[in-house]
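# Working through the structure, step by step
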Amino acid sequence: MNFSTSSSDASLNSATNPALHRATDALLSGGSFRARDLMLRIALLLGAVVFLPLYGVAASSIPSPVPRPTANVAEQYLLAAANQERAARSIPPLRNDPVLAQAARFHAMQMAAHNSISHQFPGEPELSERGARVGAHFSLITENVAEAPDSSMFHKMWMNSKGHRENLLDPMVNVVGIAVVNHAGQFFAVEDFASSVETINFNQQEATVARLLSQTGLSVGPTSRTASLADARRTCSMDTGYVGQHKPWFIMRYTASRLDHLPSQLESRINSGRYHQAVVAACEDNNTGPFTAYNIAVLLYP
């Protein structure tokens, strides 16, 4: 995990495979149908597929909740197929995320309405914004999309494409939202993968980091010789400086998507033996846009 003293470690890395673009209009057989796929990284499907009537879905807004039928065998198969591939490679399974699935369904309906595939249509939020708007919390989000005349084709199409396969087998993602819709005899599929970030309050964030600090031998918590928790939280929200009467000897501000490790720079400071007390504070993250991260400040005292 990467930590930063000034910006989030949440990453956005978008790329598409040019070969897939060149093959977009290729006929697979018989010249009577089309099958296409695209993938996006910002760091399929049997039987009873849902047939959705399309009522001119507006691209500029995501209804909440997005209409979602309770049963879709195609989506269930895609999840099972993905996890079977991951299990064969000793990669942890993906968990179905019904919130992220709302974003996937919205986009699948957009593709069906346009009778085309893309990662973003005019007026539509881009991938990370779509995920955030439905309430998903993540530090990484990626996407596979495809269309085909038969929903059973999608998984094989994606596994036979390097970029799509990498999204599907990425050990950094742990949840997925899947949508498959049918319009005019053509199937449209979306897989939105993400590395989820647990939603916990400031007290819980501070307690988690405090436990790690306590394991280093530091005395953790406000005292009469340190900043109060309120002052520490205000210090956390500042780019520089501190609030309160007691000046910390060192302040480590960092942003992270996980709180199970301390930043190496902070560990080095602690290991110097110069510090014996610490106060932990959490504050709002206002710099990572649609991505979710924790903002933490650790104030060290002699």
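Rules used throughout
- Residues numbered from 1 in each chain as written.
- Predicted model: local features only at pLDDT ≥ 70, side-chain atom pairs only at ≥ 80, totals over all residues.
- Heavy atoms only, no water.
- Helix = DSSP H or I, 4+ residues; strand = E, 2+ residues; numbered from the N terminus.
- Buried < 20%, exposed > 50% of the residue type's maximum accessible area, 1.4 Å probe, protein only.
- Areas by Shrake-Rupley, 256 points an atom, 1.4 Å probe, with all protein chains shown as cover.
- pLDDT = per-residue confidence, 0-100.
- Contact = heavy atoms within 4.5 Å.
- Core = buried A, V, L, I, M, F, W, Y, C linked by side-chain atoms within 4.5 Å.
- Salt bridge = Lys/Arg side-chain N within 4 Å of Asp/Glu carboxyl O.
- Phe/Tyr/Trp six-rings, centres within 6.5 Å; stacked < 30°, edge-to-face > 60°.
- Disulfide = S-S within 2.5 Å.
- Pairing = 2+ DSSP bridges.
- Axes fitted to C-alpha atoms, helices over the stretch in contact; angles between N-to-C directions.
- Lys, Arg positive; Asp, Glu negative; His and termini not counted.
- Polar contact = N/O pair within 3.5 Å; in protein donor to acceptor, adjacent residues only side chain to side chain.
- Expected span 1.5 Å × (residues − 1).

Now for the overall build of the protein. For the protein, the count of helices and strands is nine helices and 10 strands. When burial is assessed residue by residue, the protein has 51% of its 302 residues classed as buried. Carbon and sulfur atoms make up 51% of the accessible area of the protein, which amounts to about 14,000 Å² in all.

Considering every residue of the protein, the mean pLDDT works out to 80; 76% of them sit at 70 or more. Across the protein, the element-wise mean pLDDT spans from 23 in helix 1 (residues 18-22) up to 98 in strand 7 (residues 219-220). Counted against residues more than four places away or in other chains, residues 1-35, with its pLDDT under 50, gives 75 contacts. Residue range residues 41-60 is modelled with pLDDT below 50. Its contacts to residues more than four positions away, or to other chains, number 82 contacts.

As a further point, take the nonpolar core. Core analysis: the largest hydrophobic core is formed by 23 residues, its most contacted members being V209, L213, L266, I296, V298 and L300. If you list the elements that add at least two residues to this core, you get helix 7 (202-214), strand 8 (250-256), helix 9 (264-271), strand 9 (277-283) and strand 10 (294-301). Beyond its immediate chain neighbours, meaning those up to four positions away, V298 contacts V209, L213, F250, I251, M252, Y254, L266, A278 and V279. Core analysis: the next-biggest nonpolar cluster, separate from the first, contains 22 residues, L140, L168, V173 and V180 among them.

Moving on: the pattern of salt bridges. Enumeration according to the criterion identifies nine salt bridges in this entry. A salt bridge links R130 to E124; the nearest nitrogen and oxygen atoms lie 3.7 Å apart. Both residues of the pair, R130 and E124, count as buried. Sharing partners across several salt bridges, the network here consists of E124, R130 and E143.

Before going further, it helps to spend a moment on the packing of aromatic side chains. The final tally for this structure, using the stated rule, is two aromatic pairs. For the pair F138 and F291, a centre-to-centre distance of 5.5 Å together with 80° between the ring planes defines the contact as edge-to-face. Residue F138 is found in strand 4 (residues 138-148), and its partner F291 is found in the loop between strand 9 and strand 10; the two are separated by 153 residues along the sequence. In this pair, the class of F138 matches that of F291, namely buried. With 6.0 Å between their ring centres and 25° between their planes, F154 and W158 make a pair best called stacked. Of this pair, F154 and W158 both sit in helix 5 (residues 154-159), four residues apart, roughly one helical turn. Owing to a relative accessible area of 0%, W158 belongs among the buried residues under this scheme.

Quick look at the state of the cysteines now. Taken as a whole and assessed by the stated rule, the structure comprises one disulfide. Disulfide pairing places C236 opposite C283 at an S-S distance of 2.1 Å. Measuring the twist about the S-S bond at about -65°, one finds the C236-C283 disulfide to be left-handed. Of this pair, C236 sits in helix 8 (residues 229-236) while C283 sits in strand 9, and the two are 47 residues apart along the sequence. Of the residues examined, C236 reaches a relative accessible area of 7% and is grouped as buried.

Our next topic: the sheet that holds strand 9. Strand order in the open sheet made by the four strands is 7-9-10-8, with mixed pairing throughout. The strands lining the two open edges of the sheet, one partner per strand, are strand 7 and strand 8. Here strand 7 runs beside strand 9; their pairing, made up of two bridges, is parallel. Within strand 9, the position partnered with V220 by the bridge is A278. Lying over the sheet, helix 8 contacts strand 8, strand 9 and strand 10, oriented at roughly 60° with respect to strand 9.

So, about the side chain of R253. As for its placement among the helices and strands, R253 is situated in strand 8. One buried charge, R253, has no salt-bridge partner; the nearest side chain with opposite charge is D239, at 6.6 Å. Within polar-contact distance, the side chain of R253 engages the backbone oxygen of M238 at 2.7 Å. Within the structure, R253 has its side chain in polar contact with the backbone oxygen of G241 (distance 2.5 Å).

For helix 3 (residues 98-114), built from 17 residues, the straight-helix expectation of 24 Å at 1.5 Å per residue is met to within 8% by its first-to-last C-alpha distance of 24 Å. Capping the start of helix 3, D97 holds a side-chain oxygen 2.9 Å from the backbone nitrogen of V99, two or three residues further along. Of the residues one or two after helix 3, N115 is the one with positive phi, at around 55°.

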